[in-house]
Amino acid sequence: MNIVFDFGAVLFRWQPTVLVQHLFGHLTPTAEATQQLTQALFHHEDWQDFDAGRRELHEVIERTSSRLSLPVDDLHALMGPIGERLAPIPESLALFEALRLRRDTRGDLRLYFLSNMPIPYARSLERRHSFIADFDGGVFSGDVGLIKPQPEIYQLLADRHALEPARTVFIDDMAVNVDAARRLGWQAIHCTDPTRLAAQLSPWLPA
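### Concerning the overall build of the protein chain
So, step 1. For the protein chain, the helix and strand inventory stands at twelve helices and five strands.
So, step 2. Taken along the three principal axes of its C-alpha coordinates, the protein chain extends 55 × 30 × 30 Å.
So, step 3. By residue count, 45% of the 207 residues in the protein chain fall in the buried class.
So, step 4. In the protein chain, the share of contacts with a sequence separation of at least 24, taken over all contacts with a separation of at least 6, comes to 64%.
So, step 5. Accessible surface, the protein chain as shown: approximately 9,700 Å² in total, 51% of it carbon and sulfur.

### Here we look at the packing of aromatic side chains
So, step 1. All chains considered together, the criterion is met by 19 aromatic pairs.
So, step 2. With a centroid separation of 5.2 Å and 80 degrees between ring planes, the pair formed by W47 and F50 is classed as edge-to-face. Of this pair, W47 and F50 both sit in helix α3 (residues 45-51), three residues apart, which is roughly one turn of the helix. Each member of the pair, W47 as well as F50, carries the same accessibility label: buried.
So, step 3. These aromatic residues form a ring-pair network of at least three members: F5, F7, F12, F96, F113, F131, F135 and F140.

### Quick notes on the sheet that holds strand β4 (residues 168-172)
So, step 1. Across the sheet, five strands lie side by side as β3-β2-β1-β4-β5; this open sheet has parallel pairing. The open sheet has two edge strands with one neighbour each: β3 (137-140) and β5 (187-190). Averaged over all adjacent pairs, the angle separating strand axes in this sheet is 15 degrees, with direction ignored.
So, step 2. Across four bridges, strand β1 (residues 2-5) lies against β4 in parallel orientation. In the sheet register, I3 faces β4, and the bridge partner there is V169.
So, step 3. On top of the sheet, helix α7 (residues 90-106) reaches β1 and β2 (110-115); it is set at about 140 degrees to β2, its chief contact.

### Overview of the pairing of β1
So, step 1. Of the two faces of β1, the one holding N2 and V4 and the one holding I3 and F5 are both buried throughout.
So, step 2. Alignment of β1 against β2, held across four bridges, turns out to be parallel. Of the residues in β2, the one forming a bridge with V4 is Y112.

### Section: the side chain of D108
So, step 1. Take D108: it is sitting in the loop between α7 and β2.
So, step 2. Here R106 takes part through its side chain, which lies 3.3 Å from a polar atom of the side chain of D108.
So, step 3. Once you skip the residues sitting within four places of it in the chain, D108 turns out to touch M1, R102 and P206.

### Here's the deal with helix α10 (residues 151-161)
So, step 1. If you check which residues of α10 are buried, you get I153, Y154, L157 and A158. When α10 is viewed along its axis, its buried side chains cluster within an angular range of 140 degrees and face the same direction.
So, step 2. Summarising the contacts, the buried residues of α10 are in contact with β1, β2, β3, α9 (141-144), β4 and α11 (175-183).

### A short note on the pairing of β2
So, step 1. With five of its six residues buried, β2 lies for the most part within the structure.
So, step 2. One ladder, built from four bridges, connects β2 with β3; its direction is parallel. Among the inter-strand pairings, S115 is bridged to a residue of β3, identified as F140.
So, step 3. Note on the crossover from β2 through helix α8 (residues 119-128) to β3: the handedness is right-handed.

### Some words on the packing of helix α2 (residues 31-42) against helix α4 (residues 57-68)
So, step 1. Two numbers describe how α2 lies on α4: the axes approach to 10 Å, and their chain directions differ by 135 degrees. By the angle between their directions, the pair α2 and α4 is classed as oblique. Along this stretch, α2 crosses α4, giving a crossing that reads as right-handed. Side by side, α2 and α4 meet where L37, A40 and L41 of the first sit next to T64, R67 and L68 of the second.
So, step 2. Per-class residue counts for the contact of α2 with α4 are four nonpolar, one polar and one charged.

Cut-offs applied
Residues numbered from 1 in each chain as written. Predicted model: local features only at pLDDT ≥ 70, side-chain atom pairs only at ≥ 80, totals over all residues. Heavy atoms only, no water. Helix = DSSP H or I, 4+ residues; strand = E, 2+ residues; numbered from the N terminus. Buried < 20%, exposed > 50% of the residue type's maximum accessible area, 1.4 Å probe, protein only. Contact = heavy atoms within 4.5 Å. Areas by Shrake-Rupley, 256 points an atom, 1.4 Å probe, with all protein chains shown as cover. Phe/Tyr/Trp six-rings, centres within 6.5 Å; stacked < 30°, edge-to-face > 60°. Pairing = 2+ DSSP bridges. Axes fitted to C-alpha atoms, helices over the stretch in contact; angles between N-to-C directions. Polar contact = N/O pair within 3.5 Å; in protein donor to acceptor, adjacent residues only side chain to side chain. Arc of directions from axis to C-beta. Right-handed = clockwise from strand over helix to strand, strands pointing away. Parallel < 35°, antiparallel > 145°, perpendicular 65-115°, else oblique. Left-handed = near helix turned anticlockwise from the far one by under 90°. Nonpolar A, V, L, I, M, F, W, Y, C, P; charged D, E, K, R; others polar.

Next comes the structure, spelled out in structure tokens:
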């Protein structure tokens, strides 16, 4: 069985609304305002281009500053250190380590990742977290010019590692990405609570 992890909000803690509230609290007096600014920052095509490696961080900051009338320095403070801020979710890391041990002892699993991750953040994670090297393979969006839910990025991972769709379980926190995997014939788990992920995955593991 092939297990494919997303990173943000599945294996690593990703809380953009918390970051926005911390740095732009004066502009976000309500939860609705915080959500709206978070959407404008991290779900705009400029950020998607950054995810896909088509824009560099300084370009995204300059364009976002112009578009939203936000200070460049504040946007640097928000976006620049994100790679260093991403920390493993303890429950998810424990699950990964258990799966890695099972793979190494029983050989009935393979572990991969498929993450929308800009290039500088991906390199930061690789540098700071040695367990990433324990995956059997993976794809960061910034390295390949594609992002989820584009079917091509799923197919790229599958082609690189000869993944059989019916024997592949994909885990992601975004329903649209889960749906894209299912359309390709993959099994998939919509992870909204990492503390429940081990129980969600259990039925898919070989007996």
